[in-house]
Amino acid sequence: MGILLKVNYYNQAYTGGFVQSPSWFQKHQRWWSATADIMLRCSFIFLYSQALLALVNEFKKHQTAGLIIFLLLVINGYLTAHMLFWEAEERYGQVIFPLLVTVIGLDLSSSVQSFTFVKTKRWLVLRVLSLIAVIIFVGGNYLVLNKKQIQGLPVITVAQRSQLSDQYHAKVVWLEPGEYVTQNMWVKSKNNYFSFLKAPGSRASALLTNIDRSVSYNVTSGHLKFKQNKFEPGKYQLRLYNATSRRQPVWLVRTHHYQLGQEPANISEPDWGKRTLIYLFGQTQKNIKQ
């Protein structure tokens, strides 16, 4: 349950990221993210608690509806399969939300049959207003008490994320000796952090160059962070080069209809198609999870 209520990475799961984050959003990104997190968490708590109350009401009747029993079996089977055979991640809990809403709806339909329309309407309005009041109260206190922590959250200005899963051995593209891959990126704000998703065991060298200012940075480790915002706005190029005598793995993501980075990576193998590296620019004091 704790994992399902964790919402810290909801806005990053299977998203393309910001091709270019608007400046007005960057100024308030920390507070937008913190507010969205607390709203999601409160909503999930409300949803799970209402579903639990609905089940309690059903079991009190000593005649539980067959559909509710079926939904419980589906939910338990789904969660058990993920915990035992796949992985426990907060985003997987989204699948059971429609089932929980159905359970709540079935309970409400049986509970309000004896009410008049006016009483039912008032009852529903009161419940919704109570939820809004709780979210505002809890959320407001959370933001005030965690102001310093929120101000320390990272700001992501440019990002290309993907659906590559390291733990499930995502396929890599092999760079033969002497081959290279380049990726052009446009950055409109100052940053102190850069990273790209590096394939495990890869010995390919990586160089990040600000083309407009002719400044280069060695990013072979996969990330680079400064105390100050040394990454000035401009056009950047990330270049992965295999200077070894053996082929090296790199991660490039591809979709059926290319709509990923600002432009696809330049690659030496034409049959690779339109692909992009996974990269990120940001303003942060800690390394950012890709």
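Residues numbered from 1 in each chain as written. Predicted model: local features only at pLDDT ≥ 70, side-chain atom pairs only at ≥ 80, totals over all residues. Heavy atoms only, no water.

Caption draft 1: How the structure looks around the overall build of the protein chain. The secondary structure content of the protein chain amounts to five helices and 11 strands. When burial is assessed residue by residue, the protein chain has 38% of its 290 residues classed as buried. In the protein chain, the proportion of contacts linking residues at least 24 apart, taken out of those at least 6 apart, comes to 79%. Only carbon and sulfur atoms are counted for the fraction: they give 60% of the accessible area of the protein chain, which is about 17300 Å². (Helix = DSSP H or I, 4+ residues; strand = E, 2+ residues; numbered from the N terminus. Buried < 20%, exposed > 50% of the residue type's maximum accessible area, 1.4 Å probe, protein only. Contact = heavy atoms within 4.5 Å. Areas by Shrake-Rupley, 256 points an atom, 1.4 Å probe, with all protein chains shown as cover.)

Caption draft 2: Focus on the packing of aromatic side chains. In total, this model carries eight aromatic pairs according to the counting rule given. On the numbers, 4.8 Å between centres and 50 degrees between planes, the contact of F194 with F281 is tilted. Taken together, the residues span a long stretch of sequence, with F194 in strand β4 (residues 193–196) and F281 in strand β11 (residues 279–283) at a distance of 87 residues. You can call F194 buried: its relative accessible area is 0%. For F281, a relative accessible area of 0% gives the class buried. In textbook terms, an aromatic cluster arises when at least three aromatic residues are bridged by ring pairs, as seen for F194, Y217, F226, F231, Y236 and F281. A cation over an aromatic ring shows up here: R239 above the ring of Y180, its NZ or CZ 4.8 Å from the ring centre. The aromatic ring of W174 is capped on one face by R247, whose charged end is 4.2 Å from the ring centroid. (Phe/Tyr/Trp six-rings, centres within 6.5 Å; stacked < 30°, edge-to-face > 60°. Lys NZ or Arg CZ within 6 Å of the ring centre and 35° of its normal.)

Caption draft 3: Structural detail: unusual backbone geometry. Positioned with a positive phi, S214 is a non-glycine residue whose angle comes to about 55 degrees. For S214, the position within the fold is in the loop between β5 (205–210) and β6 (215–218).

Caption draft 4: Molecular detail of the sheet that holds strand β10 (residues 266–267). Reading across from one edge, β6-β5-β8-β3-β10 is the order of the five strands in this open sheet, with antiparallel pairing throughout. Looking at strand neighbours, the two that pair on one side only are β6 and β10, the edges of this open sheet. (Pairing = 2+ DSSP bridges.)

Caption draft 5: Representation of the pairing of strand β8 (residues 234–241) within the structure. Pairing of strand β3 (residues 180–187) with β8 involves eight bridges; the strand directions are antiparallel. Paired with Y180 across the bridge in β8 is Y241.

Caption draft 6: Representation of the pairing of β5 in the model. Two elements, β5 and β8, share six bridges in a ladder whose sense is antiparallel. Of the residues in β8, the one forming a bridge with L207 is R239. Judged from the four bridges that link them, β5 and β6 form a sheet pairing that is antiparallel. By the bridge assignment, N210 is partnered in β6 with V215. In textbook terms, the turn of a hairpin is the stretch between consecutive antiparallel strands, and for β5 and β6 this stretch comprises four residues, one of which, S214, has a positive phi near 55 degrees.

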